[in-house]
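Remarks on the overall topology
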Amino acid sequence: MTTGALLPVFALMTSLTAAVIIFTLPEHKHQLRTAVNLVAAVLKLLLVGLMVWGVFQGREYGISFPMIPGVEFVLRADALAMLFAGLSASLWLLTTVYAVGYLEDSPNRSRFFGFFSLCVASTMGIALAGNLFTFFLFYEMLTLSTYPLVVHRGTQQALQAGRTYIIYTLTGGAVLLFGIAMLHNFSGDLPFRPGGHFADVTPDLQAPLTLVFVILIAGLGVKAAIVPLHGWLPTAMVAPAPVSALLHAVAVVKAGAFGIVRVVFEIYGLETANALGLLSGLAAIAAFTIIYGSARALSQSDLKRRLAFSTVSQVSYIILGLCLAGPVGVAGGLVHLVHQGVMKITLFFCAGNYAETLGIHRIDELDGAGRRMPATSVAFTLAAFGMIGTPPLAGFITKWTMGTGALAAGMDWVIAVLVVSSLLNAAYFLPVLNRIWFREQKKEWPEERQWGRFETSAWLLWPPLITAGFLVLAGLLASASFSPLGWVELIVAREVDL
């Protein structure tokens, strides 16, 4: 076994080892805990960078061994895995920096950062899983490691949100396991494979394959927040801002969407799923979720709840894109895995900055916030315009690519969905920007804190500025081979059966 084959294991172990160390640290070891967090995050980013470079050059990394008769544990680095792993490793480092500043002087930081590291390890395992069984192990580990983060504050509201979260996600996990068991019953242990395993479906298999597909998507759709399985997501907004950022940009919702991508591309195969008529129904559900999430966001007065319903809408762009079943449309959906993550984490970082610096939680409290916190407000504005789809930001690249893919696939109705969604995005983001930049401050900030020469703590300020820079560059440099769109085009060329 070569060292290269173990790179996925090393990437996984960085955050697992960090979690074990952090759990054992006394609460007052603040600097040591921060050092462990940052060293592990930087090391993971370097390891993922090595794998990205190797996969780009055509190398393969992976390890497998039997766990129980007929089922293997498989870790594998392919181009699709690197898309999710790269997003996770990059945003984990920034979220760690942000969380250190956000939780300064808070109690139970060792507990928080221990589960925080377990959450990232779970996400990395989901990205690198080489079959459905391994995927499921980390999928459930993610559920169990994020629950303590949702209830971290220990308030009645947080505990209620935690109960809702755990009921939804464990139920979704049970449904997913049932689907995996049914699939295993007539097909055995299926590794993720470009083109899938069912290129030639006999008539007697069509009905059971359709049933299993519905069950798998229902199980994964809970974390992906597909309507009507989305109810846990707005409720979980009571969690601290770094947790909200992880839930919405990197970990939970993306795990569900990524699982759907794996099932469609590498278990069923895109052509087979389309031929069985499975994608048309999934496209209709995704389109409804996109419009419903945006419509519900309009009526939310709490800033984080408005962002939460925006996530319900935006994650389904990924699913709708792959249902277009053509190379351009699929690229538009896959690239939104990264674009949505970068834009949404910026918005949640900024929402956390307003809350921690000025005590602002409601949208009607934001009047004049742009003058008090100009850098944070610029980052928020860029991310909001990105969500709307304004050129040349990342969100525009997603919508343009999906739109051209829809026309190429003869699915013109998707253009109407994109237009209506963009109008709704503008309708719920522009009033927020109006309050931030054009309204005068009417009263004292609810709980203002001073942080020296910066508008807020430097730990809180730099992460949203960096991610805002990413979303600008992802749009401006979209045609470059090293951009998220360039990497997605490589995935489509190598791994998707088109």
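These notes cover the structure that comes with them. (Residues numbered from 1 in each chain as written. Predicted model: local features only at pLDDT ≥ 70, side-chain atom pairs only at ≥ 80, totals over all residues. Heavy atoms only, no water.)

**Overview of the packing of aromatic side chains**
Applicable threshold: Aromatic pairs are defined between Phe, Tyr and Trp rings, using the six-membered ring for Trp, whenever the two ring centres lie within 6.5 Å; interplanar angles under 30 degrees are classed as stacked, those over 60 as edge-to-face, and all others as tilted. Working definition: helices are DSSP H or I runs of at least four residues, strands are E runs of at least two. Numbering for both runs from the N terminus. Three labels apply to residues, based on accessible area from a 1.4 Å probe with only protein chains included: buried if under 20% of the type maximum, exposed if over 50%, partly exposed otherwise in between. Only when the NZ atom of a Lys or the CZ atom of an Arg is both within 6 Å of the ring centre and within 35 degrees of the ring normal do we say a charge sits over the ring.
Throughout the structure, instances matching the rule amount to 20 aromatic pairs. Between Trp53 and Phe56 the ring centres are 5.9 Å apart and the planes differ by 25 degrees, which places this aromatic pair in the stacked class. In this pair, Trp53 and Phe56 are both assigned in helix H2 (residues 30–56), 3 residues apart and thus about one turn of the helix distant. Judged by centre distance (5.4 Å) and plane angle (65 degrees), the ring pair of Tyr165 and Trp232 falls under edge-to-face. Here Tyr165, found in helix H6 (residues 156–187), pairs with Trp232, found in helix H8 (residues 232–235); they are 67 residues apart in sequence, far enough to count as distant. In this structure, Tyr165 and Trp232 share a single accessibility class: buried. Positioned above the aromatic ring of Tyr139, the side-chain terminus of Lys223 is 3.9 Å from the ring centre.

**Brief notes about the environment of Ser483**
How we decide: By definition in these notes, contact holds between two residues if any of their heavy atoms fall within 4.5 Å. Think of a polar contact as two N or O atoms within 3.5 Å of one another; within protein, one of them needs to be a possible hydrogen donor and the other a possible acceptor, and neighboring residues in sequence only count if both atoms come from side chains.
Topologically, Ser483 is positioned in the loop between helix H19 (458–476) and helix H20 (484–495). In the structure, Ser483 is positioned 148 residues away from Val335 in sequence and 9.6 Å away in space, judged by C-alpha atoms. Beyond its immediate chain neighbours, meaning those up to four positions away, Ser483 contacts Leu477 and Ala478. At 2.8 Å, the side chain of Ser483 forms a polar contact with the backbone oxygen of Ala478. One polar contact links the side chain of Ser483 to the main-chain amide nitrogen of Gly486, over a distance of 3.0 Å.

**Some words on the pairing of strand S2 (residues 71–77)**
Put simply, the rule reads: The pairing criterion is simple: DSSP has to find at least two bridges between the two strands.
Of all 7 residues making up S2, 5 are buried, and the element is well covered by its neighbours. With 7 bridges joining them, strand S1 (residues 61–68) and S2 adopt antiparallel strand pairing. Considered in S2, the bridge of Pro66 is made with Glu72. Hairpin remark: S1 followed by S2, antiparallel, with 2 residues in the connecting loop; positive phi at Gly70, about 85 degrees.

**Remarks on helix H17 (residues 394–408)**
Each turn of an α-helix holds 3.6 residues, which means side chains three or four residues apart point in the same direction. Convention followed: Expected span of a helix: the number of residues minus one, times 1.5 Å.
Taking 1.5 Å of rise per residue, the 15 residues of H17 would be expected to cover 21 Å, and the 21 Å separating its terminal C-alpha atoms lies within 8% of that figure. For H17, the set of buried residues is Ala394, Gly395, Ile397, Thr398, Lys399, Thr401, Met402, Gly403, Gly405 and Ala406. On the buried face of H17, the contacting elements are helix H13 (303–323), helix H14 (327–358), helix H16 (374–388), helix H18 (413–438), H19 and H20. Directly beyond the C-terminal end of H17, a positive phi value near 75 degrees is found at Gly410.

**Focus: the packing of H17 against H18**
Where we set the bar: Throughout, an axis means a line fitted to C-alpha atoms (over the contacting stretch in the case of helices), and angles, computed between N-to-C directions, take values from 0 to 180 degrees. An angle counts as roughly parallel when it lies under 35 degrees, as roughly antiparallel when it exceeds 145, as roughly perpendicular when it falls between 65 and 115, and as oblique in every other case. Three classes are used, and their members are as follows: Ala, Val, Leu, Ile, Met, Phe, Trp, Tyr, Cys and Pro are nonpolar, Asp, Glu, Lys and Arg are charged, and the others, Gly among them, are polar.
Two numbers describe how H17 lies on H18: the axes approach to 9 Å, and their chain directions differ by 155 degrees. As judged from the angle between their axes, H17 and H18 are roughly antiparallel. Here Lys399, Met402, Gly403, Ala406 and Leu407 of H17 come into contact with H18, specifically with Val414, Ile415, Leu418, Ser422 and Asn425. Classifying every residue of the contact of H17 with H18 by side-chain character gives 6 nonpolar, 3 polar and 1 charged.

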